[in-house]
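Examining the three-dimensional arrangement
For reference, the chains in residue letters:
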Amino acid sequence: GDRGRVDAPRAGTGRPGRRRGYRHVLALIELHRLLPLLLRRNYSFDAGGVAAEEPVVSLVSLVGIDAAGRFLSDNVCPGPASSGDDAAGLPIESVASQLRGRPRLL
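It should be emphasised that the depicted structure is a prediction, and the values quoted were computed from it without experimental measurement.

A few points about the pattern of salt bridges
- Per the counting criterion, the structure on display carries two salt bridges.
- In this structure, Arg102 and Glu53 form a salt bridge, with 2.4 Å as the shortest nitrogen-oxygen distance. Of this pair, Arg102 sits in the segment after helix H4 (92–100) while Glu53 sits in the loop between helix H1 (24–31) and helix H2 (55–63), and the two are 49 residues apart along the sequence.
- You can call Arg102 partly exposed: its relative accessible area is 31%.
- Note that Glu93 and Arg100 form a salt bridge whose closest N and O atoms lie 2.7 Å from each other.
- Residue classification places Arg100 among the exposed residues on the basis of a relative accessible area of 52%.

Right, here's the structure in full:
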């Protein structure tokens, strides 16, 4: 099959076409209650002097804007998440602040 495959870039855009696979990442995030990790930017690896992307931006890059958009809209909450309560979801302002630096992504 074509699991994990990313289609070739569309002519003239340099961007990949419809993404396939990797959507299981979204299910794993929910299953293992990893939503709070999307709010953290404490990477423990050296990115070679290049600034690492925000976690939400990385998720969009991995699964595609459509799947990430549905996932985020299903998992955001209007206010701040209470400490230790990952069932509440992702505070919309925290998600928005990560995406503000990448308007072309949207």
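Some points on the environment of Arg23
- Relative to the elements of secondary structure, Arg23 occurs in the segment before H1.
- For Arg23, a relative accessible area of 40% translates into the label partly exposed.
- Between the C-alpha atom of Arg23 and that of Val63, which follows or precedes it by 40 residues, the distance is 5.9 Å.
- Not counting chain neighbours up to four residues away, the residues in contact with Arg23 comprise Val63, Ala67 and Arg70.

Calculation criteria
Residues numbered from 1 in each chain as written. Predicted model: local features only at pLDDT ≥ 70, side-chain atom pairs only at ≥ 80, totals over all residues. Heavy atoms only, no water. Salt bridge = Lys/Arg side-chain N within 4 Å of Asp/Glu carboxyl O. Helix = DSSP H or I, 4+ residues; strand = E, 2+ residues; numbered from the N terminus. Buried < 20%, exposed > 50% of the residue type's maximum accessible area, 1.4 Å probe, protein only. Contact = heavy atoms within 4.5 Å.

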